[in-house]
Amino acid sequence: MIFLEKESLLGEIHHRVKNNLQFISAMFQMQINSEKNVGNKAVLAEAFHRVNAITLVHEMLYNKDELEYVAVKEYINELAIKLNEIVYYKHIAIQFNLNIEDLKLDINHCVAIGMITSEIINNAIKYAFDGISNPTITITLSYNPAEEKITYIIMDNGIGLNKESKTQGLGMRLIDIFARQIDMSYELKNENGVMYIFKIPFINNEK
Amino acid sequence: MRNDFKILIVDDEVLIAEFLKDLLISLDYTNLKLAHNKKQATIYLNEFMPDLVLLDIRMKEELEGIIIAKEINTNYKIPFIFITAHSDKNIVQLALDTKPAGYITKPFKKMDVYAAVHLVENNKEVFNEKYLLFKDGYATVKIAVEDILYAKSDNNYIHIFTTVKQYTLRNTLEWLKENIPQELFHRTHRCFIVNITKITKKSTKSVFVEGVEIPVSRGNHILLE
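These numbers were taken from a predicted model, which means no experiment stands behind them.

A. Seen up close, the overall build of chain A. From N to C terminus, chain A includes five helices and seven strands. The secondary structure elements of chain A, listed N-terminal to C-terminal, are α-α-β-α-β-β-α-β-β-α-β-β. Residues counted as buried form 30% of the 207 residues belonging to chain A. Intrachain contacts of chain A at a sequence separation of at least 6 include 73% that bridge at least 24 residues.

B. Up close: the nonpolar core. A:V57, A:V70, A:Y75, A:C110 and A:I116 are the most contacted members of the largest nonpolar core, which has 43 residues in total. Taken together, the elements giving at least two residues each to this core come down to helix 2 (38-63), helix 3 (72-86), helix 4 (107-128), strand 4 (136-144), strand 5 (149-156), helix 5 (170-181) and strand 7 (195-201) of chain A. Considering each element in turn, this core owes the most residues, eleven residues, to helix 4 of chain A. Setting aside its immediate chain neighbours within four residues, A:C110 contacts A:V57, A:V70, A:V72, A:Y75 and A:L105. B:L24, B:A35, B:Y76 and B:A95 belong to the second-largest nonpolar core, a separate cluster that totals 32 residues.

C. Spatial organisation of the sheet that holds strand 2 (residues 32-35) of chain B. Residue and element names in this part refer to chain B. Strand order in this open sheet of five strands is 2-1-3-4-5, and the pairing throughout is parallel. Sheet topology places strand 2 and strand 5 (102-105) at the edges, where each strand pairs with a single neighbour. The mean inter-strand angle of the sheet, taken between neighbouring strand axes irrespective of direction, is 20°. As defined by bridge partners, strand 4 (residues 80-84) adjoins strand 5 across four bridges and the pair is classed as parallel. Each bridged residue has a counterpart across the sheet, and for T84 the counterpart in strand 5 is T105.

Criteria and cut-off values
- Residues numbered from 1 in each chain as written.
- Chains lettered and ligands numbered in written order.
- Predicted model: local features only at pLDDT ≥ 70, side-chain atom pairs only at ≥ 80, totals over all residues.
- Helix = DSSP H or I, 4+ residues; strand = E, 2+ residues; numbered from the N terminus.
- Buried ≥ 20, exposed ≤ 12 C-beta atoms within 10 Å, placed from the backbone.
- Contact = placed C-beta atoms within 7 Å.
- Core = buried A, V, L, I, M, F, W, Y, C linked by C-beta atoms within 7 Å.
- Pairing = 2+ DSSP bridges.
- Axes fitted to C-alpha atoms, helices over the stretch in contact; angles between N-to-C directions.

What follows is the structure in C-alpha cells.
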C-alpha cells in the first residue's frame, strides 16, 4: 500500500513538472508569435528550443508510465520533429536519417543527450545548409555492452564549419557543459559536413 | 578585479556550476575553478589552493557536500559556503555542524552570493594573520603563526621551526615576513626570523628560543619587554 502511494505521488509530481514545463514552452511560443522583430524572434526561438529539449524528456516519461527511464529512440525522433517545426530561420525541409538503438536511458542521460542534440541540430539548420539541395542530418546511437559505452554520432551533409564559425558561442558551451555532466568525451570532424562523435559511459541496468 | 581571491565551486550539476561561475565573474571574481565530484574537488583543494569553496550539499552520493566540508575542516581549514536546495531541518543542522562561513539556498540571488563571498573575503586578512599556508609536496600545510618559533634561510630554501615540527620549503624569508604579523616576528639576521614572544634569553650577539641559539647581527637588536 505504502509503495503504491509513493508511486502515485511520484506520478503526480511528474505530472506537475510536465505541466509547468509546458506552461514555460507555451509562454515562449506566445512571445515568439507576438514579436515583430526577426532578430528577437530568433533569440527567443533559441531559448525555446533549449527548454523544449527538457520538456520533451518529461513528456515522454509521463506518457509511457515509466517514471525513471526514457526510450531514447522515441525521444530523439520526437526531438528532431519538434526542432524542425520550431526552427524557421530558413524554410528548408531537412531529411532526418535516424538509426537509434532501442535503449532506455535515465533522465540525466536523456536530458544531456537531448540538450546536445538540440544544440547541434539547431546549429546545423542555422548554418550548414546554404545552397545544399538535399539537406540531411544523420543520427546514430549504438551501445557496446562490453565497453559499457554508447557511441552517439550526429552528422550533416552541409557546408562544414569555417574557422570563424560559432565555436565560441553559447551553443558550443552548452554542448561542453552537458558532455561533462555525463562524463562523455567527444570529437568534432569537419569533412563533407560536420560530424560529432560522442562516447558516453553507460551501464545498462535495464533487461 | 579580485584576481587574488580564489574560489572553488563544487556542484555536480555542471550547468549550475557554470551559471554560478558567470555570476561570480560579473561580480569581478575571476579566479575560479569548478569541480563536479569529490575527486576533482580534492585535486583542486590541493593544487589550486582556493581562499573559499562554494559547496553543494547533495551530489551524486547523498550528502557528499557535507563529507567534503568535513574534509576541508580537517585538512585544509579553508572557509566554505553551502549552496543548496535543501530546506530539510535535519540536513540544515548537519550542514551547520560543519561550521560553514555561509549558507545560501537555491535558486540563489546574485546579491546573496555577493554578500556571502564578500564577507569571507573581508575576513581573509584576519584569517591570514593567524595562520600561515604553504605547500609541502602535494599537501597544503596550515600552521598557526603563534606556533612558529623561528625560521632560517638556506640558499633557495627556508626551514620553519614550530613547537611540534620542522618544515622545509622552497621560498624566501622575505615571503615569510610578508605572510606573518610583523609585530610578532623580528628579523635578527640576514638568515633568521624569530618569534619575539618565544625568546627566553638574550645576549648581545644572540637570542635563545627553546634552548636554540639564534644569531643577532649588528643593528638588528630586539627590545624585549
